[in-house]
Every structure is written in C-alpha cells, then in structure tokens.
Amino acid sequence: MAIMLGAFYAIPWLTWNGKPGFLLDIGTRQFHAFGLSMQPEQSVLLLWIALALIAALFLVTNLYGRIWCGYACPQSVLTRLFRNLARLTTLPAPYTSFGVAIRHASWAGIALWTGVTFVGYFTPIADLARNLAGFSLNGWEIFWISFYALATWANVLYLHEQVCTYLCPYNRVQHLITDSRTPSIQYDAARGEPRGMRSGHSESVLNRPRGLLDPETARDYAFRAAHPEIAGALPKFAPAHLGDCIDCGACVGACPIGLDIRTGHSSNCIECAACVDACDSSMVRHRFPAGLIRRTHIAAGQTDEKKSLRIKPLVFAGAMLICFAAAVLTASTLT
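Residues numbered from 1 in each chain as written. Predicted model: local features only at pLDDT ≥ 70, side-chain atom pairs only at ≥ 80, totals over all residues. Heavy atoms only, no water.

J.: What is the right way to look at the pairing of strand 4 (residues 30-33) in this model?
T.: The side chains of a regular strand alternate, first on one face of the sheet and then on the other. Strand direction decides the pairing type here: strand 3 (residues 22-25) and strand 4, joined by four bridges, are antiparallel. Residue pairing across strands places Asp25 opposite Gln30, the latter belonging to strand 4. Sheet analysis places strand 4 next to strand 5 (residues 36-38), joined by three bridges and oriented antiparallel. Residue His32 lies in a different strand from strand 5, and its bridge partner there is Ser37. In sequence, strand 4 turns back onto strand 5 through a hairpin of two residues, with Phe34 there showing a positive phi of about 50°. (Pairing = 2+ DSSP bridges. Helix = DSSP H or I, 4+ residues; strand = E, 2+ residues; numbered from the N terminus.)

Right under this line is the structure:
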C-alpha cells in the first residue's frame, strides 16, 4: 500500500531538466516522460508499452495468482487505506463521535489531494498547488479536482469491493488467464472437516490417529456444512473425529466481501489473504499448526504436476517480450 500510494502521489512532482518528468499535457497535445516528448501521432509507443504491461500482468497472475487485485489495484489500495484510517480513529465512548468526525474529515482531505494528484498528471502540479493555495484555480481545474475527489470519497465509502465483484472486467477474465497450477486461496477441507467447536485443548489431526480425510469425503462435509437446508444438518462428532476447523467464523468476518472460503474458491475473491491471517491467528490460539487456509493451487500433489508443460505463461511471456521489443524499436525512431 505504501509503495503504490507513494508512487502515485510522488510521480507528478518529479522533474527532469527543470520540467515535469511525467506529464500528459493536453493543452500542447504532448506527452512528456523523463526527457522523451511525443506528439499524439507518435503515441504508438504508448500502445506497445501498454500491451507489454498487460501481458506482464497476465503472466504474473498466471504464475502467482491475483496479487494485483489483493495488493496493488488502486481500488484495493485506497480501500485498505480507509480501513486503516478507520481503525486508527475508532475511539472508545464517549469519544466515538469525535473519532468518526476525524475519520471523515481526514478521508475528505485525502480524497481532495487524490483529485489534485490526478489533475497533476495533466497539468504541472506545482502550478496547480500554488493556484489551489491562492484560490485561483480555473473552472476546468476546479471541476476535475472536484470530480476525482468526490469519486474517490464516494467509491471507497460506498462501493469498496463491490467494484471488484460487479464492475471490474479483470475479474471476468480470470478463467482465461489462469490454469490448474495458478495459486489461489484454498481451504484444506481434508484437514479441517468435519468442523466444530470444542472445549479445552486438543491435538491437530496432523498429530492424531484420525489423520486427513479423503478428498471426496472432505468436500461432502464442507458442502453439507455450507448448505444445511439442502443436505441436512451434520451429525454430532466426538472431539477425536473433528477436523482442525473450529468453526469460529474468523475467516468470514475478516473477508471484506463476506465470502466463506470453506465453501470453495470463488471468482469474486480478490485474494487479499485476510482470511488466511485470521485463520492462522485462530489456529495459533488453539495450538494448531497454521495453514488450514493457505495460498496453493488445485494441482498440488498430483504426480504429473511437474511434467506437464504450461502453455499460458509461455504465451504471455512471449507476448510481453515482443511488445517490449516493439516499444524499444519505436522509441529508437523518436530519438
């Protein structure tokens, strides 16, 4: 979060030979990037760079999962920033209202500066900041700063991860990018089922004679626990036959969109790993090994896992290299 926000807020302030280092100057119809200036008819270089970055994103997603969504997407980053702010400004009674006021005032200030920074990518931000301080902004600057500030404020407060679930096109193409060896957040049902609360200290199934369940039985228990209205309530199990999931609900409570990872992986999961942290903390409190919920892939443990050739990452890597090479060749014609 700090790296992404730092880059976003700092880039407009960088200079190159006394001029803005990165500027999309609409007034003069030029793009300036650290000494390189381009006219609109020369923007094919930007196209090649954009295509190369898209291919790189697909490659990283295929190899490591949705780490962009969970850690680098502006939507996730700003939402996480607000939630950290909310934690810092949650005060005990009788100061609760004062904490809420500080929270919203702080977020309004952050949203305003985010709007200024957005506009600072299209007009020199040093001049923009001086005009803002002197109340001498022109009409278009006021409009766009207000627009982006209001969008930032309302988006995080009212939409947050709903943007990821319902609006983001990247969420819709995940099945085209990933394969069976792409890591994702998974619940170890063979170890965790059948779930249930228990009193006192007990050993993990990894250290008990019961051991792990076979995959089919584990999936059946997980389905029945998630859909009692269809499958009926689970029978009562003796503590010796319970899995490691204590059914505390910490994973569901930690999920920003309320998913229960124990019902199976969902395409709406942004893989922020909040459920992993919550479950690991619960496991530690009950003296169980961590990792009941972890980042892994569905082909883990299969005998032919290392023998099969992965086509998608090769295609994405090849496309990325071709686009970067095209960008270098195009840049050489501009200098």
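Past the structure itself, the notes keep going.
J.: Is there a simple way to think about the environment of Trp48 in this case?
T.: By secondary structure assignment, the location of Trp48 is in helix 2 (residues 44-64). The partly exposed category is assigned to Trp48, whose relative accessible area is 28%. Sequence-wise, Trp48 and Ala327 are 279 residues apart; in three dimensions their C-alpha atoms are separated by 5.3 Å. With near-sequence residues (within four places) excluded, Trp48 lies in contact with Cys323, Ala326, Ala327 and Thr330. (Buried < 20%, exposed > 50% of the residue type's maximum accessible area, 1.4 Å probe, protein only. Contact = heavy atoms within 4.5 Å.)

J.: Quick question: what am I supposed to make of the side chain of Thr165 here?
T.: Mapped onto the elements of the fold, Thr165 is located in helix 8 (residues 162-167). Non-local contacts of Thr165, meaning those with residues more than four positions away in its chain, are made with Asn171, Arg172, Ile257 and Asn268.

J.: Sorry, what's going on with a nonpolar patch on the surface here?
T.: On the surface, a cluster of nonpolar side chains totalling about 400 Å² of accessible area is made up of Val60, Leu63, Tyr64, Ile67 and Tyr71. Elements supplying a minimum of two residues to the nonpolar patch: helix 2 and helix 3 (67-72). Among the elements that take part in the nonpolar patch, helix 2 stands out by supplying three residues, more than any other. Turning to its location among the elements, Ile67 is positioned in helix 3. Owing to a relative accessible area of 30%, Ile67 belongs among the partly exposed residues under this scheme. (Patch = residues over 30% accessible without salt bridge, like charges linked within 9 Å, V, L, I, M, F, W, Y side chains within 5 Å. Areas by Shrake-Rupley, 256 points an atom, 1.4 Å probe, with all protein chains shown as cover. Salt bridge = Lys/Arg side-chain N within 4 Å of Asp/Glu carboxyl O.)

J.: Even after reading the chapter, I still don't get the pattern of salt bridges, so can you show me in this structure?
T.: As a working rule, side chains carrying opposite charge can pair if their charged atoms are close by. Evaluated as defined, the whole model comprises 10 salt bridges. We note a salt bridge from Arg195 to Glu193, for which the minimum N-O separation is 2.8 Å. Both residues of the pair, Arg195 and Glu193, count as buried. Between Arg262 and Asp247 there is a salt bridge; the shortest N-O distance is 2.9 Å. Linking Arg262 in the loop between helix 14 (250-254) and helix 15 (274-285) with Asp247 in the loop between helix 13 (228-231) and helix 14, this pair joins segments that are 15 residues apart in sequence. By relative accessible area, Arg262 is classed as buried at 8%. In this structure Asp247 comes out as partly exposed when scored by relative accessible area, which is 37%. Here the residues in one salt-bridge network are Arg191, Arg208 and Asp244, joined through shared partners.

J.: Any chance you could explain the sheet that holds strand 4 here in plain terms?
T.: Strand pairing in a sheet is mediated by backbone hydrogen bonds. Such pairs are either parallel or antiparallel. Taken in spatial order, the three strands line up as 3-4-5 in an open sheet, and their pairing is antiparallel. If you trace the sheet from one side to the other, it starts and ends with strand 3 and strand 5, each paired once. Geometrically, the sheet is characterised by an average inter-axis angle of 10° between neighbouring strands, direction not taken into account. (Axes fitted to C-alpha atoms, helices over the stretch in contact; angles between N-to-C directions.)

J.: Got a minute to help me understand helix 1 (residues 2-10) in this structure?
T.: Three- or four-residue spacings in an α-helix give side chains the same orientation, since the helix completes a turn every 3.6 residues. Of the positions making up helix 1, those classed as buried are Leu5, Phe8 and Tyr9. Considered in projection along helix 1, the buried side chains sweep an arc of 90° and stay on one side of the axis. Check the buried side of helix 1 and you find it contacts helix 4 (74-88) and helix 5 (96-120). (Arc of directions from axis to C-beta.)

J.: For this particular structure, what's the right way to read the nonpolar core?
T.: Nonpolar side chains tend to gather and get buried jointly when the protein is soluble and globular. Of all hydrophobic cores here, the largest spans 19 residues; its most connected members are Ile185, Tyr187, Ile261, Cys275, Val276, Leu292 and Ile293. Mapped by element, the contributors of at least two residues to this core are strand 6 (184-187), helix 11 (189-192), helix 12 (215-226) and helix 15. Not counting chain neighbours up to four residues away, the residues in contact with Leu292 comprise Gln186, Tyr187, Asp188, Arg191, Gly192, Asp244, Cys245, Cys279 and Met283. Formed by 12 residues, the second largest nonpolar core is a distinct cluster that contains Leu5, Tyr9, Leu85 and Tyr121. (Core = buried A, V, L, I, M, F, W, Y, C linked by side-chain atoms within 4.5 Å.)

J.: I tried to follow helix 4 on my own but got confused; where do I start?
T.: Over its 15 residues, helix 4 runs 21 Å from end to end, which matches the ideal 21 Å to within 8%, given 1.5 Å per residue. Listed in full, the buried residues belonging to helix 4 are Gln75, Ser76, Val77, Leu78, Thr79, Leu81, Phe82, Leu85 and Ala86. (Expected span 1.5 Å × (residues − 1).)

J.: Explain the packing of helix 5 against helix 7 (residues 139-159) to me, please; I cannot follow it from the model alone.
T.: A packed helix pair is summarised by two numbers, namely the angle formed by the two axes and the spacing between the axes. Following both chains from N to C, one finds helix 5 and helix 7 inclined at 135°, their axes separated by 7 Å at the closest point. With respect to helix 7, the element helix 5 is oriented oblique. Crossing geometry of helix 5 relative to helix 7 is assigned as right-handed. Along its contact with helix 5, which presents His104, Trp107, Ala108, Ala111, Leu112, Thr114, Gly115, Val116, Phe118 and Val119, the element helix 7 presents Trp144, Ile145, Tyr148, Ala149, Thr152, Trp153, Val156 and Leu157. (Parallel < 35°, antiparallel > 145°, perpendicular 65-115°, else oblique. Left-handed = near helix turned anticlockwise from the far one by under 90°.)

J.: Sorry, what's going on with the packing of aromatic side chains here?
T.: Counted according to the given criterion, the structure contains 18 aromatic pairs. Between the aromatic rings of Phe8 and Tyr121, the centroid separation amounts to 5.8 Å while the plane-to-plane angle is 25°, which identifies the pairing as stacked. You can see Phe8 sitting in helix 1 and its partner Tyr121 sitting in the loop between helix 5 and helix 6 (125-133), a full 113 residues away along the chain. The class for Tyr121 is buried, based on a relative accessible area of 12%. (Phe/Tyr/Trp six-rings, centres within 6.5 Å; stacked < 30°, edge-to-face > 60°.)

Purely geometric numbers; function is a separate question.
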